[in-house]
Amino acid sequence: MRTGFEINGDYRLMDSAELVYILTNSAVMVNKVQEKEIAYGENCNFEEVLAKMTPGKRNLVMAGVELYKRCNSKKNEKQQIKCSTDIYDIMHPYLCDNKTEECWAIFLNQSSRVTRKIRVSAGGYAMCPVDVRVILKEAILCEAVALIICHNHPSGNCTPSRQDIQTTKEIELALSGIDVILSDHFIFTDEDYLSMRATGVLQKLRHDIATLKRQIIM
């Protein structure tokens, strides 16, 4: 999945006359656009360009423009994470009443809005192996600035296991290499949840990782 700029990369480098020719296949229209730009410093008139298109191409372009506007308008409607309760409200429907463990990742943009949430692993009754590479790949694809890991404990005990802590450490270490922040790791039960950041577990892991990196450098 490429970004919008990458998808439109070739067209962004073209001048207006080139774009108009692609849309209308009309040299007359191209000359008109060039005359306006040179003589008056004006941009091309989009309505004029539309009028010179074939009906089929005009419908396709207008559909594309409308979809682009709608996608942009939806950006500010995405769920915003302001506190732990927001995470609980978002993920509890996915993780409650599960008989086996699942691990989910919530990807966030610069405004702490949810850009995507996916299940990265499904496990057994007492463990849920996580392939960190899956998380890294998805973080890069959706251009995440930060992410939150969530998984459930069917046992009803929110206390993180040794494996939970080790997995969190591996994710934190891997994300530091691509400049993405691990904001938190939540453990859910049907009735409760635990935040590794709120309990200090995440901070301790970061301290341990920083110490390990210093030792390697030395």
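Presented here is a report on the structure given in the accompanying data block. (Residues numbered from 1 in each chain as written. Predicted model: local features only at pLDDT ≥ 70, side-chain atom pairs only at ≥ 80, totals over all residues. Heavy atoms only, no water.)

Topic: the pairing of strand 4 (residues 181–188)
Phase 1 of the analysis: Taking burial as the measure, the eight residues of strand 4 include seven buried ones, the bulk of the element.
Phase 2 of the analysis: Both strand 3 (residues 146–152) and strand 4 contribute to a ladder of seven bridges, which runs parallel. Bridge pairing links Ile148 to Asp184 in strand 4.
Phase 3 of the analysis: Where strand 4 lies against strand 5 (residues 193–195), three bridges are found, and the strand directions are antiparallel. (Buried < 20%, exposed > 50% of the residue type's maximum accessible area, 1.4 Å probe, protein only. Helix = DSSP H or I, 4+ residues; strand = E, 2+ residues; numbered from the N terminus. Pairing = 2+ DSSP bridges.)

Let's talk about the packing of aromatic side chains
Phase 1 of the analysis: Counted according to the given criterion, the structure contains six aromatic pairs.
Phase 2 of the analysis: Centre to centre, the rings of Tyr94 and Trp104 are 4.8 Å apart; their planes meet at 50°, and the pair counts as tilted. Of this pair, Tyr94 sits in helix 7 (residues 84–95) while Trp104 sits in strand 1 (residues 102–108), placing them 10 residues apart in sequence.
Phase 3 of the analysis: With a relative accessible area of 35%, Tyr94 lands in the partly exposed category.
Phase 4 of the analysis: Judged by centre distance (5.8 Å) and plane angle (45°), the ring pair of Phe186 and Tyr193 falls under tilted.
Phase 5 of the analysis: Each residue in the set Tyr88, Phe186, Phe188 and Tyr193 is aromatic and connected to the rest through ring pairs, giving one cluster. (Phe/Tyr/Trp six-rings, centres within 6.5 Å; stacked < 30°, edge-to-face > 60°.)

A look at the sheet that holds strand 5
Phase 1 of the analysis: Spatially, five strands are ordered 2-1-3-4-5 in an open sheet, and the strand pairing comes out mixed. Looking at the sheet topology across the chains shown, the edges are occupied by strand 2 (114–122) and strand 5. Taken pair by pair, the neighbouring strands of this sheet meet at an average axis angle of 20°, ignoring direction.
Phase 2 of the analysis: Across the face of the sheet, helix 8 (residues 132–141) comes into contact with strand 1, strand 2 and strand 3 while running at roughly 165° to strand 2.
Phase 3 of the analysis: Across the sheet, helix 9 (residues 162–176) touches strand 3 and strand 4, and the angle it forms with strand 4 is around 160°. (Axes fitted to C-alpha atoms, helices over the stretch in contact; angles between N-to-C directions. Contact = heavy atoms within 4.5 Å.)

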